[in-house]
Amino acid sequence: MNIGPYSFEEFKARAKEFHGYPAPGLILGGYMVAMAQKALPEGTLFEALVETKKCLPDAVQLLTLCSAGNNWMKVINLGRYAVSLYDKYSGVGYRVHLDMEAIEKFSEIRSWLLKDKPKREQDTDKLFRQLEEAGDSILRMNPVKVDESLLGHSHMGPVAACPECGEAYPVADGDICLGCLGNAPFALLSPDGRPSEPVEKKASIRVSRLDHLVLTVRSLDKTLDFYRTIGMREIRFGEGRTALAFGKQKINLQEEDSPRTPSAAEARAGSADLCFVVKTPLPDVMALLKEAGIALLLGPVERTGATGKIVSIYLRDPDGNLVELSNTVP
Ligand SMILES: [Zn+2]
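Residues numbered from 1 in each chain as written. Predicted model: local features only at pLDDT ≥ 70, side-chain atom pairs only at ≥ 80, totals over all residues.

Draft legend 1. Representation of the overall build of the protein chain within the structure. In terms of regular secondary structure, the protein chain is built from ten helices and 15 strands. Relative to the compact-globule value of 20 Å for 330 residues, the protein chain shows a C-alpha radius of gyration of 25 Å, a clear excess of over 25%. Taken over the C-alpha atoms alone, the protein chain extends approximately 65 × 60 × 45 Å along its principal axes. Contacts spanning at least 24 positions in sequence make up 54% of the contacts within the protein chain whose residues lie at least 6 apart. (Helix = DSSP H or I, 4+ residues; strand = E, 2+ residues; numbered from the N terminus. Rg over C-alpha atoms; globule rule 2.2 N^0.38 Å. Contact = placed C-beta atoms within 7 Å.)

This is the structure in structure tokens:
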């Protein structure tokens with residue numbers, strides 16, 4: 001089966017030229033991109049969202065004008081082999097992912113994908129034959145609407161010289177650049193080849209973000225019920241531990257009568273005061289709370305959040321913790 005405007009062999013040759021070798025993932029990616037592209041109405045100005053860093057971004061670049069460099073392709077590593085192409089103004093488009101059930105019919109694709117045999121035992125010719133035979137029959141496509149935050153050109157905001165390294169960086173990253181915060185995966189070498197000390201070590205301790213906090217509760221079940229209602233997910237981790245997840249953060253839970261070691265000197269239920277920024281407009285949040293029978297304590301009122309003005313409502317969780325739900329004010 002053809003891959004976009006190319007025959008299978010042509011695309012394989014282009015993939016080799018572009019990528020160094022004709023990676024099977026790139027071929028598969030070619031089918032995925034071509035499928036989404038075909039589904040979009042002709043003439044749509046589209047952008048791409050890729051959910052893995054492996055191979056698939058190259059397939060997007062081979063078949064479309066989208067690249068990471070022109071920012072028409074966003075790579076957000078969710079670890080899934082999936083790509084969406086969407087109208088750059090409305091965010092509406094198509095997401096293509098692998099159909100694991102359909103892949104069952106293609107033994108070599110399956111074992112390559114699941115890495116269930118060593119690379120040298122892989123029958124590459126057979127793999128390519130199966131990829132060509134399978135075409136887009138092993139793909140599934142769904143309509144999607146991409147988040148507003150990804151639409152249009154990302155405005156980087158103000159840029160300034162980093163006070164530590166002196167290089168230009170986006171001010172939104174913090175008071176020094178991400179490299180100087182210790183995120184650079186390299187060390188600069190002095191002329192005699194010795195690694196220069198990371199700036200971070202010379203500076204004082206710099207805190208970049210909150211990773212998680214621990215909430216002490218009387219009843220896990222009641223807590224989970226409440227926080228699920230306000231949009232959090234329950235996750236399990238470690239040995240039988242439970243946490244509430246949302247966005248990129250989580251709150252670990254521990255029960256008051258069986259606190260973890262170590263834990264806070266006074267691990268008490270009901271003494272926390274938490275504020276969450278929510279995307280859902282507050283009037284909708286309030287309607288949902290009313291429906292769930294959760295009483296409003298106060299609000300909406302204007303407050304000062306960590307990064308600017310917010311509008312908040314207040315409620316209590318089952319332990320009496322104060323919970324503030326806020327919308328940012330643009
Ligand atoms: Zn810097």
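Draft legend 2. Layout of the nonpolar core. Grouped together as the largest cluster of nonpolar side chains are 37 residues, with contacts concentrated most on Met32, Val33, Ala48, Ala59, Val60 and Val83. Of all the secondary-structure elements, those providing two or more residues to this core are helix 1 (8-19), helix 2 (24-39), strand 1 (46-50), helix 3 (56-63), strand 3 (82-87), helix 5 (107-113) and helix 6 (124-134). Here this core takes nine residues from helix 2, the largest share from any one element. With near-sequence residues (within four places) excluded, Val33 lies in contact with Ala59, Val60, Leu63, Thr64 and Val83. The next biggest cluster of nonpolar side chains, apart from the first, holds twelve residues, and it includes Ile230, Ile251, Ala269 and Leu315. (Core = buried A, V, L, I, M, F, W, Y, C linked by C-beta atoms within 7 Å. Buried ≥ 20, exposed ≤ 12 C-beta atoms within 10 Å, placed from the backbone.)

Draft legend 3. Representation of the pairing of strand 14 (residues 309-316) in the model. Relative to strand 14, strand 13 (residues 298-304) runs antiparallel, the two being bridged by five bridges. Looking at strand 14, one finds that Leu298 is bridged to Tyr314. What sits between strand 13 and strand 14 in their antiparallel hairpin is a turn of four residues, with Gly308 showing a positive phi close to 150°. Here strand 14 pairs with strand 15 (residues 322-328) via seven bridges, running antiparallel. Bridge pairing links Val311 to Asn327 in strand 15. Hairpin connection between strand 14 and strand 15: a loop of five residues separates the two successive antiparallel strands, and Gly320 in this loop has a positive phi of roughly 90°. (Pairing = 2+ DSSP bridges.)

Draft legend 4. Representation of unusual backbone geometry within the structure. Going from Thr261 to Pro262, the amide bond is cis rather than trans, its omega being -10°. In the segment running from Gly299 into Pro300, the intervening peptide bond is cis, with an omega of 0°. Considering the arrangement of structural elements, one finds Pro300 in strand 13. Located in the positive-phi region is Asn71, a residue other than glycine, with phi close to 65°. With respect to the helices, strands and loops of the structure, Asn71 is situated in the loop between helix 3 and strand 2 (73-75). Note on Asn71: 12 C-beta atoms within 10 Å, which makes it exposed. The backbone of Lys115 sits at a positive phi, close to 50°, despite the residue not being glycine. Relative to the elements of secondary structure, Lys115 occurs in the loop between helix 5 and helix 6.

Draft legend 5. Expanded view of the domain arrangement of the protein chain. Here the protein chain is partitioned into domain 1 (8-150), domain 2 (166-202) and domain 3 (212-328). Computed over C-alpha atoms only, the centres of domain 2 and domain 3 are separated by 36 Å. (Domains from an automatic or database assignment.)

Draft legend 6. Seen up close, the environment of Phe226. Locating Phe226 in the fold gives a position in helix 9 (residues 220-229). In this structure, the C-alpha to C-alpha distance between Phe226 and Pro318, residues 92 residues apart in sequence, is 7.1 Å.

Draft legend 7. Here's a closer look at the sheet that holds strand 10 (residues 241-246). Read from one edge of the open sheet, four strands run 8-11-10-9, paired in mixed fashion. Two strands in the sheet have a free side with no partner beyond their single neighbour: strand 8 (212-217) and strand 9 (233-237). Each strand axis lies, on average, 35° off the axis of its neighbour in the sheet, ignoring direction. As judged from the five bridges shared by strand 10 and strand 11 (residues 249-255), these two strands associate in the antiparallel manner. In the sheet register, Leu244 faces strand 11, and the bridge partner there is Ile251. The strands that helix 9 touches are strand 8, strand 9, strand 10 and strand 11; relative to strand 11, the one it contacts most, it runs at about 155°. (Axes fitted to C-alpha atoms, helices over the stretch in contact; angles between N-to-C directions.)

Draft legend 8. Structural detail: helix 9. Taken residue by residue, helix 9 has Thr223, Phe226 and Tyr227 as its buried positions. Each buried residue of helix 9 sits inside an arc of 90° when the element is viewed along its axis, so together they form one side. As for helix 9, its buried residues are in contact with strand 8, strand 10 and strand 11. Once helix 9 ends, the next one or two residues include Gly231, with phi positive near 95°. (Arc of directions from axis to C-beta.)

Draft legend 9. Spotlight on the sheet that holds strand 13. Pairing in this open sheet of four strands is mixed, and the strands run 12-15-14-13 from one edge to the other. Two strands in the sheet have a free side with no partner beyond their single neighbour: strand 12 (273-277) and strand 13. Neighbour-to-neighbour, the strand axes of this sheet turn through a mean angle of 30°, independent of strand direction. Strand contacts of helix 10 (residues 282-291): strand 13, strand 14 and strand 15, with the helix running at about 5° to strand 14, the strand carrying the most contacts.

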